[in-house]
Amino acid sequence: MKFDKELFKGTVLNNIKTLYRRTLEEATEQQIFQAVSYAIKDVVVDNWMATQKEYEKKDPKIVYYMSMEFLMGRALGNNLINLRAYKEVAEALDELGVDLNLVEDQEPDPALGNGGLGRLAACFLDSLATLNYAAYGCGIRYRYGMFRQEIRDGYQVEVPDNWLADGYPFELRRPEYAKEVKFGGWVSSYVDENGRTIFKQEGYQSVQAVPYDMPIVGYGNGIVNTLRIWDAQPVECFSLDSFDKGDYQKAVEQENLARNIVEVLYPNDNHYAGKELRLKQQYFFISASVQEAVDKYMRTHTDLHKFHEKVAFQLNDTHPTVAVAELMRVLMDDHDLSWDEAWEITCKTCAYTNHTIMSEALEKWPIELFSRLLPRIYQIVEEINRRFVLRIQQMYPGNQEKIRKMAIIYDGQVKMAHLAIVGGHSVNGVARLHTEILEKQELRDFYEMMPEKFNNKTNGITQRRFLLHANPLLADWVTDHVGDEWITDLPALSRLRIYADDEKAQQEFMNIKYQNKVRLAKYIREHNGIEVDPRSIFDVQVKRLHEYKRQLMNILHIMYLYNELKDHPDMDFYPRTFIFGAKAAAGYRNAKLTIKLINSVADVINNDPVVDGRIKVVFIENYRVSNAEWIFAAADVSEQISTASKEASGTGNMKFMLNGALTLGTMDGANVEIVEEVGKKNAFIFGLSAEQVIQYENYGGYNPMDIFNNDQDIRRVLMQLINGTYSPQDPELFRPLYNSLLNTQDTAKADTYFILADFKSYAEAQRRVEAAYKDEKNWAKSALLNVACAGKFSSDRTIEEYERDIWHQEKVILPSKPELSK
Ligand code: C3B
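- Per an unreviewed UniProt entry, the chain is named Alpha-1,4 glucan phosphorylase, and its organism is Gallintestinimicrobium propionicum.
- Quoted verbatim from the Catalytic activity (unreviewed entry) field of UniProt, the annotation for the chain is "[(1->4)-alpha-D-glucosyl](n) + phosphate = [(1->4)-alpha-D-glucosyl](n-1) + alpha-D-glucose 1-phosphate".

### What to know about empty space enclosed by the protein
Here is step 1: As enumerated under the stated definition, the model contains eight cavities of 30 Å³ or more in all.
Here is step 2: Reported here for the largest cavity is a volume of approximately 210 Å³.
Here is step 3: Together, 18 residues line the largest cavity, and Met72, Asn78, Asn79, Ile216 and Arg465 are the ones closest to its centre.
Here is step 4: For the lining of the largest cavity, the secondary structure elements donating two or more residues are helix 3 (76-82), helix 6 (116-130) and strand 9 (205-217).

### Some thoughts on the packing of helix 19 (residues 472-482) against helix 20 (residues 503-528)
Here is step 1: Two elements in contact, helix 19 and helix 20, have axes separated by 9 Å at closest approach and are oriented at 165°. With respect to each other, helix 19 and helix 20 are oriented roughly antiparallel. Considering how the two elements wind past one another, helix 19 and helix 20 form a crossing that is right-handed. Here Pro472, Leu473, Leu474, Trp477 and His481 of helix 19 come into contact with helix 20, specifically with Ala505, Glu508, Phe509, Ile512, Gln515, Asn516 and Arg519.
Here is step 2: Considering only residue class, the contact of helix 19 with helix 20 consists of seven nonpolar, three polar and two charged.

### Topic: the UniProt feature "modified residue: N6-(pyridoxal phosphate)lysine" (unreviewed entry) in the chain
Here is step 1: UniProt marks Lys655 with the feature "modified residue: N6-(pyridoxal phosphate)lysine" (unreviewed entry), using the numbering shown here.
Here is step 2: Position of Lys655 relative to the elements: it lies in helix 24 (residues 652-658).
Here is step 3: When sequence neighbours within four positions are dropped, the list of residues in contact with Lys655 reads Arg119, Ile461, Phe466 and Phe632.

### So, the domain arrangement of the chain
Here is step 1: Split into domains, the chain comes out as domain 1 (59-73 + 109-459) and domain 2 (463-690 + 757-793).
Here is step 2: Here domain 1 and domain 2 have C-alpha centroids that lie 36 Å from each other.
Here is step 3: At the interface, 42 residues of domain 1 touch 43 residues of domain 2.
Here is step 4: Note on domain 1 versus domain 2: buried area summed over both sides is about 3,300 Å², and carbon and sulfur give 57% of it.
Here is step 5: Taken together, the connections running from domain 1 to domain 2 amount to four salt bridges.
Here is step 6: The shortest N-O distance in the salt bridge between Asp126 and Arg464 comes to 2.8 Å.
Here is step 7: Sorting the residues of the side of domain 1 that touches domain 2 by element identifies helix 6, strand 3 (148-152), strand 4 (155-159) and helix 16 (432-442) as the ones contributing at least two each.
Here is step 8: No other element matches helix 6, which puts seven residues into the side of domain 1 that touches domain 2.
Here is step 9: Of the residues contributing to the side of domain 1 that touches domain 2, the split by class is 16 nonpolar, 16 polar and ten charged.

### Focus on the sheet that holds strand 21 (residues 637-640)
Here is step 1: Strand order in the open sheet formed by six strands is 20-19-18-21-22-23, and the pairing between neighbours is parallel. Of all the strands in the sheet, just strand 20 (615-619) and strand 23 (684-685) have a single pairing partner and so form its edges.
Here is step 2: The sheet contact formed by strand 18 (residues 537-542) and strand 21 spans two bridges and is parallel. Bridge assignment links Asp539 to a residue of strand 21, and that residue is Val637.
Here is step 3: Of the strands in this sheet, strand 21, strand 22 (662-665) and strand 23 touch helix 31 (residues 776-788), which is tilted by about 90° from strand 22.

### Quick look at helix 28 (residues 712-722)
Here is step 1: All of the buried residues in helix 28 are Ile714, Val717, Leu718, Gln720, Leu721 and Ile722.
Here is step 2: Those residues of helix 28 hidden inside the fold are in contact with helix 21 (551-567), helix 22 (589-606), helix 27 (704-710), helix 29 (735-742) and helix 30 (755-774).
Here is step 3: One or two positions beyond helix 28, positive phi appears at Gly724, with a value near 85°.

### Some thoughts on the side chain of Thr663
Here is step 1: Looking at where Thr663 falls in the secondary structure, it is placed in strand 22.
Here is step 2: According to the relative accessible area criterion, Thr663 is buried, its value standing at 1%.
Here is step 3: Setting aside residues up to four positions removed in sequence, Thr663 forms contacts with Ser638, Gln640, Ile674, Ala683 and Phe684.

### Here we look at the pairing of strand 19 (residues 576-581)
Here is step 1: Most of strand 19 sits inside the fold, with six of its six residues counted as buried.
Here is step 2: Crossover handedness for the path strand 18 to helix 21 to strand 19: right-handed.
Here is step 3: Where strand 19 lies against strand 20, five bridges are found, and the strand directions are parallel. Following the sheet pairing, Thr577 is matched in strand 20 by Lys616.
Here is step 4: For the crossover that starts at strand 19, traverses helix 22 and ends in the parallel strand 20, the hand is right-handed.

### Description of the site of the ligand
Here is step 1: By nearness alone, 15 residues border the ligand, and Leu117, His355, Asn459, Glu647 and Gly650 come closest of all.
Here is step 2: Within the backbone of Gly650, an N or O atom sits 2.8 Å from an oxygen atom of the ligand.
Here is step 3: For the ligand, whose accessible area on its own is 420 Å², the fraction buried by protein is 95%.
Here is step 4: Split into classes, the residues belonging to the shell around the ligand amount to five nonpolar, seven polar and three charged.
Here is step 5: For the shell around the ligand, the two domains that each supply at least three residues are domain 1 (59-73 + 109-459) and domain 2 (463-690 + 757-793).

The rules behind each value
Residues numbered from 1 in each chain as written. Predicted model: local features only at pLDDT ≥ 70, side-chain atom pairs only at ≥ 80, totals over all residues. Heavy atoms only, no water. UniProt positions renumbered as here; feature names shortened; annotations may be inferred. 1 Å grid on protein atoms, 1.4 Å probe; cavity = no way out; pocket = protein on both sides within 12 Å on 5 of 7 lines; lining within 4 Å. Points joined across faces, edges and corners; volume = space filled by probe spheres on them. Helix = DSSP H or I, 4+ residues; strand = E, 2+ residues; numbered from the N terminus. Axes fitted to C-alpha atoms, helices over the stretch in contact; angles between N-to-C directions. Parallel < 35°, antiparallel > 145°, perpendicular 65-115°, else oblique. Left-handed = near helix turned anticlockwise from the far one by under 90°. Contact = heavy atoms within 4.5 Å. Nonpolar A, V, L, I, M, F, W, Y, C, P; charged D, E, K, R; others polar. Domains from an automatic or database assignment. Buried area = accessible area lost by both parts, 1.4 Å probe. Salt bridge = Lys/Arg side-chain N within 4 Å of Asp/Glu carboxyl O. Pairing = 2+ DSSP bridges. Buried < 20%, exposed > 50% of the residue type's maximum accessible area, 1.4 Å probe, protein only. Right-handed = clockwise from strand over helix to strand, strands pointing away. Near = heavy atom within 4 Å. Polar contact = N/O pair within 3.5 Å; in protein donor to acceptor, adjacent residues only side chain to side chain. Areas by Shrake-Rupley, 256 points an atom, 1.4 Å probe, with all protein chains shown as cover.

This is the structure in structure tokens:
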């Protein structure tokens, strides 16, 4: 593609002038970021219009990826990468005396998601556009995304993330597509002249849903898809002269509803809090998205019976599951279809992805709340449930147990997973092991009744962001050795295998790793004031803080290593830097206390002369997509240590692998498949298997006290939690963590994540890591092989599997790739 450098420079300067009445020299860094972004947006919008024109012409099937979360990360750099203009733009800016990296750093990190689930949605949008599929992401334009984390005195403090403060250049308001969404009131019904029962929601409050579109640029193919996120506005500005008391009250309430509904992202990951506002958020964006999907279809088609041939709804976990009932409502109430017609279309349109088996994440809404907020939707869910229970009875006559376990409405609750399974044609897990557990354990009854719906789609990540953008040194090196096909065909990385034993290649490869470690060390110096040695082993655990992910086991092991060093100061010990990054949900006590523990241990160890820098512990503040890119590139060891069976897939594990880190992990989630690809020799596996963990759980747990009593190393570390070693002013500070491991009243509640059970095996695996790292050549070979074997874990592969098994879209190729610059 042609890039007109002079034209681009002129546009940037002109943007600074028209936006800010300033010259480049006078402009702030933020203003330069805005000016550059608008210059890029100008190009993107041309491609966007061309893509949408072609879609209108070809009329392909459209996927709507429905998700409460899209963890996009910064757009500028990624757009440049996918426009294949990164280097040219960097050069043009350089000629203006502007550093593109600094410009990129001015962009707020749109954090409209918590962790894995939201980031997966973002990777999928990148792959869909790159693979030439017509797709919309549908979500919420939260005014405040994921909170910014500050560490004060070792504690996490949550600070609001006002990502829209300076205006976001990559969004476009589309008021022409606004939709009304109704809450509350009651349903009245009457029979019309044709003998049909008509249902009407009355006495409701409503909000206006106004979409903002963000462009999703495909890699090098001219395609630009859309992330459509909905903002809320009051339906009508209430007039002050409306002195009728009822109206005034209602107007104020509607105004508040609109103000509150999109205010903030719930910062819970893998945890359901059951808040009314959360259900409002869900229905708000689903109703708007479903209405718009049907309206869009009807603009160019006449027969709604073929809706599913042109539209697929993918439900990202149970959060968007009201879509099943909302589509039924729109088809029946707004378009006069019968129940049976609407049901067939709905089932063929919807598909559900399960992302977790954690029971605390299961969404179950109390009937009282659900029916009060969504009276018409509740009626429809009741009818879906009535018909489904009849089916259960037909299949299993007299079996009450099946009804109790499978009904959508039971025990005063609406079970969203059951609705998603019954109302769709596909149910998928996100890694092979996870799908097996769904089929054999969690969703066993549903699998027995409808096995044809179940399928696996192992997660993936986009190599465009997590290698090409995040690790330019390695990306260039790979391209020099095996060409650049890997950018859109990740399995092409396997050609690197021939370099695994090549000493020159090994050296270059490890030298790149070293430079990335220097880059991260600088970041740590600037942000944490800690000096770390880039020659030490960088052992990294970055992900949301959750007990099942076992950051606690990691830090307990560091405490153990420290004891060893104190006892044997002259022991043979390869220097290690342990790096953590994690946000804890604001109300999650043990998670927040674990952050404090990590920081307290860091304080002691980093400053102990006996250690002499051989162990460093670093907690990186405010872990997010933008700094993640640097962290993955610099890691030697990837900590993937969840209790087996608990991590549905994990995707960080794949980002580390792609950047040449070796996995230290349990046989959980996608780790199983990573090891399968790279070979057991090139990873460090430890701990109980998923099967063993499930065995224990089904038969009443295990007793960590036995381990505590019999293992003095473990006992010593646990006692240090409560004897003030790491909190001399308040020895009781970490008692809740101690109790979570050794709750003596009720053994079934002690150490539910098997930390003590796995501890020794983890420590032993860590010893293997150290030994392996000392063998430089072998380590280089393993690291290189990890990159070479990462091909399977591209989200491009995942998307093609969704296409093959669930969506069945046709690709749209643009007639001519638009010019990069006009
Ligand atoms: C996560 C799971 O915890 C991860 O194992 C998985 O890789 C990702 O989803 C993507 O599939 N997850 C999440 O981030 N939030 C939830 N509410 C449920 C699952």
